[in-house]
Amino acid sequence: MGKYIVKSLLQMIPVLFLISTIVFILVHVTGDPVALMLPETATEADRAALSQALGLDKPLYIQFLVFLGNVLHGDFGRSFHYGQSALPLVLERLPASFELAFAAMVVATVLAVPLGIISAVKRNSFLDLFISGISVLGKAMPNFWTGIMLILLFSVMLGVFPVSGRGGAEHLVLPAVTLGTAVMAQMTRLIRSSMLEILNQDYIRTARSKGLLERVVIFTHAFRNGLIPVVTIMSLQFTSLIGGTLITETVFSWPGLGQLLVTAVNTHDMAIVQAAVFIIAILVILSNLLTDLIYRILDPRIKYS
Amino acid sequence: MKHWKTKGSLLVLATFIALAGCSGGKSDQPNSAAQPNKPAASGGEKVLTIANATDIESFDPQNNNNTQSEAVLVNMFDYLLRNDSSQKKVPGLATSWEKVNDTTWRFKLRQGVKFHNGDPFTAADVKFTFERLAKDAKLKQNTYYKNFKEVNIIDDYTVEIVTNGPDPLMLNKLSRMGADILPSKYIQEKGMDAFLKEPVGTGPYKFSQWQKDNRVELVKNAEYFGGSPKWDKVTFRVIPEASTRVSELITGGVDIAAGVPTTDVKRIQGVNDMKVEQATIQRVLHLIMRMTPGSVTADPKVREAIDLAINDKEIVDSIAGGAGTPTRTSVTPGNFGADPSLYNQYLFDKEKAKALLKEAGYASGGPKVTFSSQVQYKEIAEVAAAMLTEVGFQVNLEILEATKFSEKLNSKKFNELFLLGVGNSLFDASNNYNRFKFENAKGETDYNNPEVEQLLQAADKNMNPEEREKQYQKVQQILAVDRPTIYLYQLKGVYGVGAKVNYKPRLDEMYFAEEITPQN
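Described below are features of the structure shown in this document. (Residues numbered from 1 in each chain as written. Chains lettered and ligands numbered in written order. Predicted model: local features only at pLDDT ≥ 70, side-chain atom pairs only at ≥ 80, totals over all residues. Heavy atoms only, no water.)

### Observations regarding the pairing of strand β5 (residues 94-101) of chain B
All names here are of chain B.
Alright, step 1. Pairing of β5 with strand β6 (residues 104-109), which is carried by six bridges, proceeds in the antiparallel orientation. Across the sheet, residue Lys99 finds its bridge partner in β6, namely Trp105.
Alright, step 2. The hairpin formed by β5 and β6 contains two residues between the paired strands. (Pairing = 2+ DSSP bridges. Helix = DSSP H or I, 4+ residues; strand = E, 2+ residues; numbered from the N terminus.)

### Observations concerning the pattern of salt bridges
Where charged atoms from two side chains of opposite charge approach closely, those side chains can pair.
All names here are of chain B.
Alright, step 1. A complete count under the given rule lists 38 salt bridges over all chains for this structure.
Alright, step 2. Taking the shortest distance from any N to any O, the salt bridge between Glu217 and Arg215 comes out at 3.3 Å. Accessibility assignment for this pair places Glu217 and Arg215 in one class, buried.
Alright, step 3. Its salt-bridge partner being Arg435, residue Glu444 comes within 2.6 Å of it at the nearest N-O pair. Accessibility assignment for this pair places Glu444 and Arg435 in one class, buried.
Alright, step 4. Salt bridges sharing partners connect three or more residues here, namely Arg82, Arg506, Asp508 and Glu515. (Salt bridge = Lys/Arg side-chain N within 4 Å of Asp/Glu carboxyl O. Buried < 20%, exposed > 50% of the residue type's maximum accessible area, 1.4 Å probe, protein only.)

### Section: the environment of Asp156(B)
All names here are of chain B.
Alright, step 1. With respect to the element layout, Asp156 can be found in the loop between β7 (148-155) and β8 (158-163).
Alright, step 2. Spatially, the C-alpha atom of Asp156 lies 9.1 Å from that of Gln111, the residues being 45 residues apart in sequence.
Alright, step 3. Apart from the residues lying within four places of it in its own chain, the contact partners of Asp156 are Leu109, Thr122 and Ala123. (Contact = heavy atoms within 4.5 Å.)

### Section: the sheet that holds β5(B)
Where strands meet in a sheet, backbone hydrogen bonds hold them as pairs that are either parallel or antiparallel.
Residues and elements named next belong to chain B.
Alright, step 1. Within the open sheet, the four strands sit side by side as β5-β6-β8-β7. Their pairing is antiparallel. What marks the edges here is a single partner per strand, and that holds for β5 and β7. Sheet twist, expressed as the average angle between the axes of neighbouring strands with direction ignored, equals 20°.
Alright, step 2. Note that β7 and β8 share six bridges and pair antiparallel. Residue pairing for β8: Asp155 is matched across the bridge by Thr158.
Alright, step 3. Helix-sheet contacts for helix α3 (residues 123-135) involve β6, β7 and β8, and the interaxial angle to β7 is about 175°. (Axes fitted to C-alpha atoms, helices over the stretch in contact; angles between N-to-C directions.)

### Here we look at helix α12 (residues 350-359) of chain B
Residues and elements named next belong to chain B.
Alright, step 1. Among all positions of α12, only Ala353, Leu356 and Leu357 are buried. Across the axial projection of α12, the buried residues extend over an arc of 100°, all falling on one side. Turned more than 90 degrees from where α12 packs its buried face, Glu351, Lys358 and Glu359 sit exposed.
Alright, step 2. Residues of α12 that are buried in the fold lie against α10 (300-309).
Alright, step 3. Sitting at the amino-terminal end of α12 is Asp349, which places a side-chain oxygen 3.3 Å from the backbone nitrogen of Glu351.
Alright, step 4. Phi turns positive one or two residues past the end of α12, at Gly361, with a value near 100°. (Arc of directions from axis to C-beta. Polar contact = N/O pair within 3.5 Å; in protein donor to acceptor, adjacent residues only side chain to side chain.)

Function cannot be inferred from these measures alone, as they are strictly geometric.
Encoded structure:
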């Protein structure tokens, strides 16, 4: 397994190089940051002077070589918007993003696991239909709507939770529920179908015929084996929650990566975009690796070479 | 073994739960919003909280180009002179000033002022501040100050600023964003990066903390030269979503919420003692037209028809909920050179517009025009385009995302019409008219009126204010007839104000916490 991990980590290098190159090209061909940095009244000469001062007047391949050289030293350049090094600006957002993503996953898991299992066990019953209904609703409600509604109900009317911002644990509840319900919907459906498939297997019938308690059959024999697709979806959802929770972050003014990245894209803050995409790529790769390792714990038949 | 594996898988789930549980509790953040409708003096501490849509860019006043940033920084730094709430110049770090000759200004500095780190404020700080601003082309504010040739220290509390050529805008430049006085010794010793982390100024409030895209917290500077500040703590929160800002205001999480949308005004007015304050801001909507020979808008009759077809008042009322003032000039009251006869005015006459098009030779099938706007002003552009269609224009409406729009703007690639919101942090007419100088107009409007050119060039260097004002007023009268641009209206800022504070928003959109007072 150690070999497998080392190999996977080495494979990161070409992937990261490719991603950096694509992002570099995209941010450089889609617009000129200088235009957005100066007032509407600035003249052509003002823009040329700033462009030259920032080194943006050099040919693209020179800029790319300089960029690559700097990245090797862990330097993604300076943010035009903040006037500071880009990498620390991205890294300092990670705790907020992780916090929200974890909390959302907790909400989703705590709800989806029992709902999915009940749905499968009581297949086609009223309860199953009801849970399916909740899942569809959870998926269909746009995050910005859920978020605003939760604020109106729990903050404005009831005064239970703060409206927005990042602070104590109470600030985390509403955004986590907003994000969690959407993830929950998808997970519930997945757990249900994965459980249904397993409940029809021969070994479940054998377990039942041995006279095992239904509880033992479901949790020990069925649920554990149905976890692989659930872990997959959790890993995918988690990484997308780290970088892509912009709408929820905006509604709750949560200072995560999503907000940073969108401000950077809007202001053509190249260094931030490059650093953020790089970090998100590393997180996705690491998360995939972790998922692979969890598979092995869940199913020892899976071997790595 | 089997049990161990079961436990292992459950452990994975448990880890998620445990980690999330831990992450929430660590913070030592004040939880203002958790106590709805808290009083201003919670625990005897007077706290003012203001919610903006965007965060500051940085604590480098010279490398910011946005009003929201400066509105925060004015509480930490001081200018040599500043504008009071009626835009009159009053002493700041300079106690008096005089023009020595057309290119030299002398300033007497305030004595006994200290930066937040204890360093005394002297002429060296003024020299450092303006020489950095004038020489470093990377700074976003450099463009306004690059004509500053040098700053001479006469003694510790007297400086002279020398410019390349006469600069009638000197006092305006010293009282706006970019001109905040920086601590020379601190920056030279510790470097700019250290300054950006622990910024130091002379203002009434000191830096406490900045959590990006969340909050900037300032605390009282008890040694402020203007006397002990009114608030113990001033917090600027970043809340991008407008309805969330309003919810924060209603629950008492913030005292002032900027940028209240028309649809939310009633929500605020329905709550006890909360107010909605409207205030004119320095931004005028321009509808800029191409006068290049061969384009339909080169014909003055077509341009007049456009002016007459658009009902500015109707746009203000229907789109902005009344938050705007129609105008026929971009130099609005409060700015040097304003011509009040063109303000709070608009022309609207559909029949005359139709007749003008007929006279211009468009009897059947009106002129085809492309009308470009950025997403920000989409609704306004749509209504204006519909008004043009009503009198016979065939309008191709082009709505562009901000970057695409500025790219087209800078490469001067717009066709007949484009809509642009233009601000003016200099409070001087010259800032509005660079666009119409021959050199800059080339390729964009292609406006070329020698009389206007001569007046603008003369006013740029004219050190006689009365004469200079007349020059700009003349320019405005000519432009109102020539119409290289039609002005729609001057925007207003809409603010929600909580019951515990008195706040009158300013024309320059700055939040001077010392002008905002606690109720009672």
